[in-house]
Structure formats: structure tokens, C-alpha cells
Amino acid sequence: MRPDDFAPGTVWLVGAGPGDAELLTMKAVRLIERADIVFYDALVGDAVLALIPDATERVSVGKRSGRHSKDQRTIDTMLVDAAAAGKRVVRLKGGDPSIFGRSTEELSALRKAGHIARICPGITTACAAAASAGISLTLRGVARDVRFVTAHSRRGAALDIDWSSLAKGESTLAFYMGRDAAGDIMRGLMRAGMSGDMPVMIACDVSGPSERRLATRLDLLELATRSFAADAPTLILVGEAVEHGIAAPAISETHARQSHG
Ligand code: SAH
């Protein structure tokens, strides 16, 4: 990083990864260490927050799927105000800022106000979940692509998802914000023709202290999801590639697809 990459008044949207501080990039660590102020989401792990120097101002903007403690426009304004005050600003976002991270809104608000805003990438949850489970999201002859899908809908509205395009197979599907919509995902995919025994992995608190994974099958997805805490961040992976894992035994579980014991 060149010295002028973080001049006063600059804002960096920094990918904080899934939780484990060792999964941060070196650039992210340097930016966190040099910031005057750090704004962070609810999903940024404690281990990452622990890297913020004591003297640095820190502001929780607590955004979490469905439960926004600050709305997006308020966050945009806070970032613009901090930049206008000549601070070096880090905006920490869980995973990668470009995956369901509302980064475009923040970047355009900052640029419109005349500030320099840049992105430092992070490891998105789907990649970290695959890594912990020892699976590959793509797999020769099995999974030709990966789809990152949001299963978050506006309050009370049905999910606006093209199920038939997802159910064609040969893809690994990564559903973010899908815990509460697990039943809809299961029914949507099965109605569109996906087989009920399609492998599924539910991954909760990926890379964090209470990481938990469950291998199951599509027609058991709704039931299986109930065993996860409602407020824990949860990712759902669906596809044939999900079954080809070499999961670390201490933290993996199996459900229905393999016999117990
Ligand atoms: N930008 C983030 C995603 C933000 S959307 C990224 O790239 O990963 C928030 C959703 O991400 C959560 O609802 C959950 O589905 C998923 N998520 C984020 N962190 C997670 C974690 N540590 N374990 C499991 N899922 C996680």
C-alpha cells in the first residue's frame, strides 16, 4: 500500500471475512491499524474487532439481515461526515464488501460528496464455508458454476427468485441470509424439479468460535435448519459438489445422508 492510499478523508470499505481474524488480508489489517475511525457491522467477528487499536474511534452500525439498527442512508451520511472531517475511515463489512454488502450505495454516496472511497476485498462466507468443510464449490463434471443467492426478502414479501434457473443442476448454490427462508428454498427448488436427495450443507458461524456444519439433503432442509440458533449467521450450500467433502470431523455433523456412528 502506498502512503497516499490512505490520506485523511479517504474511506476504505474493508472485507472483514467470515470471522476468523487470520482470514483477513494483510491490507485489511494495515488499514484497520491506520484508521482514525472504524465503522463496523454486526457480523464482523470479535477477533477482527480486537485488532482495532484502543485509541481508534469505533462505531457499530449493527446492520443485520432484517434487523437494521441504522438504515442505509444514515450509514452513508455517517461515512460522508467522517470523511468530510478529514478522518481516515475504515468501513468494516463481514465477508467481502461486494457480496450482499450494499457497497455500491456507500461508494456512490461518498463519491457524490467528493470523497475518495475504495474497496479492500475479503473472503466471502461461501468460500470460507467450503474451505472448512473441505469441499470445492466447483467440481469438474459436477458443478460448473457457483451462484451466490440472497434469500432475504422485504418484510412479509415472497422471495423473488427464479427457481427454475437455479434448479437446473450443475451449479453449487450458496444461499446467504437464508435461515428464515429455508422452507421456501426447499420447496422452491423441489417444485422447480430439483431432487429431494440433493446434498445440502448448512454452515453456521463459519470460522468463528461456535462454527457448526450440518450435512443433510434438500427435502430435510427446513427441519435441519431448526436446530440452528435463530440469530447465528447461517449459510446454506446446495449441490452435488457439497457431498464431496473431507470435513474436519470435530466440527462436522451428518444428518440423514450418512448413517450415524
Ligand atoms: N458480505 C458478506 C455477506 C453479507 S449478507 C459475505 O461476503 O460473506 C449476510 C449473510 O452472510 C448472513 O445472513 C449469512 O447468510 C452469511 N454469513 C456472513 N457471515 C457468516 C458466517 N460467519 N457464518 C455463516 N454465514 C455467514
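Here, every reference points to the structure presented above.
Residues numbered from 1 in each chain as written. Predicted model: local features only at pLDDT ≥ 70, side-chain atom pairs only at ≥ 80, totals over all residues. Heavy atoms only, no water.

Chemist: Would you mind going over helix α3 (residues 72-84) with me for this structure?
Modeler: Since there are 3.6 residues in each turn of an α-helix, residues three or four apart along the chain are aligned in direction. Its 13 residues place the ends of α3 18 Å apart at the C-alpha level, agreeing with the 18 Å of an ideal helix rising 1.5 Å per residue. All buried positions along α3 are accounted for by Q72, I75, D76, L79, V80, A82 and A83. Here the buried residues of α3 occupy an arc of 165° about the axis, which is enough to place them on one side. When the buried face of α3 is taken as reference, the exposed residues oriented beyond 90 degrees from it are R73 and A84. Buried-residue contacts for α3 involve β1 (11-15), β2 (37-40), β4 (89-93) and α4 (103-112). In the segment just after α3, G86 is the residue with positive phi, at about 80°. (Helix = DSSP H or I, 4+ residues; strand = E, 2+ residues; numbered from the N terminus. Expected span 1.5 Å × (residues − 1). Buried < 20%, exposed > 50% of the residue type's maximum accessible area, 1.4 Å probe, protein only. Arc of directions from axis to C-beta. Contact = heavy atoms within 4.5 Å.)

Chemist: Any chance you could explain the site of the ligand here in plain terms?
Modeler: What surrounds the ligand is a group of 17 residues, the closest being I99, T124, T125, M177 and T234. One nitrogen or oxygen atom from the main chain of P18 is found 2.9 Å from a nitrogen atom belonging to the ligand. Here an oxygen atom of the ligand and a side-chain polar atom of T125 are 2.6 Å apart. Partitioned by chemical class, the residues of the shell around the ligand number 10 nonpolar, five polar and two charged. Counting contributing residues, the shell around the ligand receives three or more from each of domain 1 (3-120) and domain 2 (125-251). (Near = heavy atom within 4 Å. Polar contact = N/O pair within 3.5 Å; in protein donor to acceptor, adjacent residues only side chain to side chain. Nonpolar A, V, L, I, M, F, W, Y, C, P; charged D, E, K, R; others polar. Domains from an automatic or database assignment.)

Chemist: I keep staring at the pattern of salt bridges and nothing clicks. Help me out?
Modeler: Counting across every chain of the model gives 13 salt bridges. Linking R91 and D41 is a salt bridge whose minimum nitrogen-to-oxygen distance equals 2.9 Å. Of the two residues, R91 is situated in strand β4 and D41 in the loop between β2 and α2 (46-49); the sequence distance between them amounts to 50 residues. Overall, R91 belongs to the buried group, its relative accessible area being 0%. Linking D219 and R217 is a salt bridge whose minimum nitrogen-to-oxygen distance equals 2.7 Å. Taking the relative accessible area as the measure of exposure, D219 reaches 29% and is therefore partly exposed. For R217, a relative accessible area of 26% translates into the label partly exposed. Members of the salt-bridge network, linked through shared partners, are D41, R91, K93 and E106. (Salt bridge = Lys/Arg side-chain N within 4 Å of Asp/Glu carboxyl O.)

Chemist: Please explain the sheet that holds strand β5 (residues 117-120) as it appears in this structure.
Modeler: Strands in a sheet are paired, the pairing made by backbone hydrogen bonds, and the direction either parallel or antiparallel. The five strands lie next to each other as β3-β2-β4-β1-β5, forming an open sheet whose pairing is parallel. Strand pairing shows two members of the sheet lacking a second neighbour, β3 (57-60) and β5, which therefore form its edges. Strand after strand, the sheet turns through a mean of 20° between neighbouring axes, direction not considered. As paired elements, β2 and β3 share four bridges and run parallel to each other. (Pairing = 2+ DSSP bridges. Axes fitted to C-alpha atoms, helices over the stretch in contact; angles between N-to-C directions.)

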